[in-house]
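Understanding the architecture of this molecule
In case you want the letters, here they are:
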Amino acid sequence: MLALSIGSLLPFIRDARGLDYAFCGLIVSLHSVGNLISSFAAGMLPVFVGRKKSILLFNAFFTISYLLIIFGNNNLCIAFAFFMTGLARGATSNFCNTTINSLAPGKAWIINGLHAMFSIGAFTFPILLTVLTAAEPAQWIYACYFMLAMGILSWILYYMIPIENAKIERQEKGSNFDFFKEPLFYLCTMTLFFYLCAEQGVIGWMITYFKDTGLLNASLSQITASVLWIMILAGRLTTAWLSTKMQKGRLLLVMGVGIVIFFFLLLFSRSTPWIAFGIMGFGYSMAGIYPTTVSFSGNLIQKYPVAWSFILTLASIGSIVMPSVIGRIAENAGIFYGMSSIVAVVFIDMGCIISLVAYVRRHHVEE
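Parameters and conventions
- Residues numbered from 1 in each chain as written.
- Predicted model: local features only at pLDDT ≥ 70, side-chain atom pairs only at ≥ 80, totals over all residues.
- Heavy atoms only, no water.
- Helix = DSSP H or I, 4+ residues; strand = E, 2+ residues; numbered from the N terminus.
- Rg over C-alpha atoms; globule rule 2.2 N^0.38 Å.
- Buried < 20%, exposed > 50% of the residue type's maximum accessible area, 1.4 Å probe, protein only.
- Contact = heavy atoms within 4.5 Å.
- Areas by Shrake-Rupley, 256 points an atom, 1.4 Å probe, with all protein chains shown as cover.
- Lys, Arg positive; Asp, Glu negative; His and termini not counted.
- Charge placed at Lys NZ, Arg CZ, Asp CG, Glu CD.
- Expected span 1.5 Å × (residues − 1).
- Core = buried A, V, L, I, M, F, W, Y, C linked by side-chain atoms within 4.5 Å.
- Polar contact = N/O pair within 3.5 Å; in protein donor to acceptor, adjacent residues only side chain to side chain.
- Axes fitted to C-alpha atoms, helices over the stretch in contact; angles between N-to-C directions.
- Parallel < 35°, antiparallel > 145°, perpendicular 65-115°, else oblique.
- Left-handed = near helix turned anticlockwise from the far one by under 90°.
- Nonpolar A, V, L, I, M, F, W, Y, C, P; charged D, E, K, R; others polar.
- Phe/Tyr/Trp six-rings, centres within 6.5 Å; stacked < 30°, edge-to-face > 60°.
- Salt bridge = Lys/Arg side-chain N within 4 Å of Asp/Glu carboxyl O.

Attention now moves to the overall build of the chain. Helix and strand counts for the chain stand at 16 helices and zero strands. In terms of overall dimensions, the chain is globule-like: its C-alpha atoms have a radius of gyration of 20 Å, near the 21 Å expected for 367 residues. Taking the principal axes of its C-alpha atoms as reference, the chain extends roughly 60 × 40 × 35 Å. Residues counted as buried form 56% of the 367 residues belonging to the chain. Taking contacts inside the chain between residues at least 6 apart in sequence as the whole, the part at least 24 apart equals 82%. As presented, the chain carries roughly 15100 Å² of accessible surface, and 69% of it is formed by carbon and sulfur atoms. The distance from the centre of the 21 positive side-chain charges to the centre of the 14 negative ones in the chain is 5 Å.

Okay, structure coming up:
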């Protein structure tokens with residue numbers, strides 16, 4: 001809920017502060033910059049201060065960021081707030097993924113279960129925001145007060161988690177970077193890179209796109225985010241179940257084709273039912289790509305613990321670049337053409353998925 005609220009809040013912040021498309025693209029990218037930095041740092045910092053102190057440090061940035069959104073009176077405060085939400089998000093993702101993967105290496109259904117919980121928070125906030133702003137758009141600020149309280153609660157919950165603060169031990173042979181010799185490392189990283197380009201592009205700009213083009217009114221535009229995340233939740237639960245019944249590679253291929261077909265439908269539809277169908281199909285198709293790809297790298301991460309920080313960090317560059325690209329194109333040519341740039345991304349990601357699955361099958365990587 002804390003990590004994915006920025007896409008829903010963006011249109012309200014833009015109207016309240018008088019921001020242009022280019023600056024909005026920049027601050028969404030700053031969120032991803034923070035995500036990238038902490039994804040890497042949160043994997044390294046526990047070596048020096050321990051896992052618990054590390055996650056408590058980064059998680060505190062959620063609370064600080066919403067304080068800046070509420071009380072900040074200039075664009076620098078907004079930019080820094082978005083950056084800090086990224087810092088908190090990256091560390092949380094790193095902590096949760098590595099913890100679950102250490103309990104069940106390579107188990108796609110468990111990792112999909114983890115990401116399903118993420119989806120619940122993500123679709124809850126847009127509904128709350130829609131209810132608050134239905135009568136008066138200026139009431140978006142009360143949603144920020146709610147998120148401030150959630151930030152404090154989140155920190156308390158991490159404080160209560162029964163984990164030791166023991167420092168993560170270095171590997172016996174020093175920092176082992178042999179995973180750079182593994183083709184699987186690059187295939188997983190590239191698949192996640194282009195997936196995150198598409199994900200952050202759609203999540204960060206979808207509401208603004210539908211609202212500003214007039215394809216949907218303001219309330220319906222907000223609801224699209226909840227619809228997207230409800231379908232992502234359904235998709236992740238479905239993927240968690242199907243991954244115990246069929247090969248993960250085959251499942252990943254179906255999802256790769258799905259995001260291409262349904263993004264075209266989402267982008268080029270002009271009637272509300274077809275737009276809704278496109279959003280639902282896109283969310284359902286994209287749902288399992290990230291956790292299933294991560295599950296392919298499970299044994300690699302278990303063998304080289306630092307590998308996950310590098311995969312997450314390099315892949316996160318995609319979520320940094322894409323929002324700014326969309327914002328820059330939108331500023332110069334219009335929001336439709338900005339969103340259209342995602343077409344190239346979903347095609348490339350499908351190619352990466354095909355290459356990953358081919359490698360897995362050729363080298364008999366455990367499915």
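In an α-helix there are 3.6 residues to a turn, and that puts residues three or four apart on one side. The end-to-end C-alpha distance of helix H16 (residues 342–362) is 30 Å, a good match for the 30 Å that 21 residues give at a rise of 1.5 Å each. Within the sequence span of H16, burial applies to Ile342, Val343, Val345, Val346, Asp349, Met350, Cys352, Ile353, Leu356, Val357, Tyr359 and Val360. Its buried side turned inward, H16 meets helix H8 (183–213), helix H10 (248–268), helix H12 (289–296), helix H14 (307–333) and helix H15 (335–340).

A few words on the nonpolar core. Grouped together as the largest cluster of nonpolar side chains are 112 residues, with contacts concentrated most on Phe210, Leu228 and Ile342. No other element matches H8, which puts 17 residues into this core. Leave out the neighbours within four places in its chain, and Phe210 touches Leu215, Leu216, Ser221, Thr224, Leu266, Ile275 and Ile279.

The next subject is the side chain of Ser295. Looking at the element boundaries, Ser295 is found in helix H12. Overall, Ser295 belongs to the buried group, its relative accessible area being 3%. There is a polar contact of 3.2 Å between the side chain of Ser295 and the side chain of Lys248.

Right, let's talk about the packing of H8 against H16 for a bit. In contact at an axis separation of 9 Å, H8 and H16 are set at 155 degrees when each is read in the N-to-C sense. Considering the angle they form, H8 stands roughly antiparallel to H16. The two elements H8 and H16 cross, and the hand of that crossing is left-handed. Of the residues in H16, those touching H8 at Pro183, Leu184, Leu187, Cys188, Met190, Thr191, Phe194, Tyr195, Cys197, Ala198, Gly201 and Val202 are Ile342, Val345, Val346, Ile348, Asp349, Cys352, Ile353, Ser355, Leu356, Tyr359 and Val360. Here the contact of H8 with H16 is built from residues that sort into 19 nonpolar, three polar and one charged.

A word on the environment of Gly86. Mapping Gly86 onto the fold places it in helix H5 (residues 75–103). Residue classification places Gly86 among the buried positions, given a relative accessible area of 0%. Expressed as a C-alpha distance, the spacing of Gly86 and Ala149, which sit 63 residues apart in the sequence, is 18 Å. Contact partners of Gly86, with chain neighbours within four places excluded, come to His31, Gly34, Asn35 and Ser38.

Counted according to the given criterion, the structure contains 23 aromatic pairs. Judged by centre distance (5.0 Å) and plane angle (55 degrees), the rings of Tyr209 and Phe210 are tilted. Of the two residues examined, Tyr209 and Phe210, each falls in the buried class. Both rings, one in Phe268 and one in Phe336, keep their centres 6.0 Å apart while their planes meet at 70 degrees; by these two values the pair is edge-to-face. One end of the pair, Phe268, is in helix H10; the other, Phe336, is in helix H15, and 68 residues separate them in sequence. Under the relative-accessibility criterion, Phe268 is labelled partly exposed at 44%. Judged by relative accessible area, which is 21%, Phe336 ranks as partly exposed.

Next up on the list: the pattern of salt bridges. Should their charged atoms come close, side chains of opposite charge can pair. In the structure shown here, the tally under the stated rule is four salt bridges. Asp15 is the partner of Lys211 in a salt bridge, and the nearest nitrogen-oxygen pair spans 3.4 Å. Of this pair, Lys211 sits in helix H8 while Asp15 is found in helix H1 (residues 6–17), placing the two residues 196 residues apart along the sequence. Between Glu199 and Arg89 there is a salt bridge, with its nearest N and O atoms 3.8 Å apart. Residue Glu199 is found in helix H8, and its partner Arg89 is found in helix H5; the two are separated by 110 residues along the sequence. Judged by its relative accessible area of 12%, Arg89 is buried.

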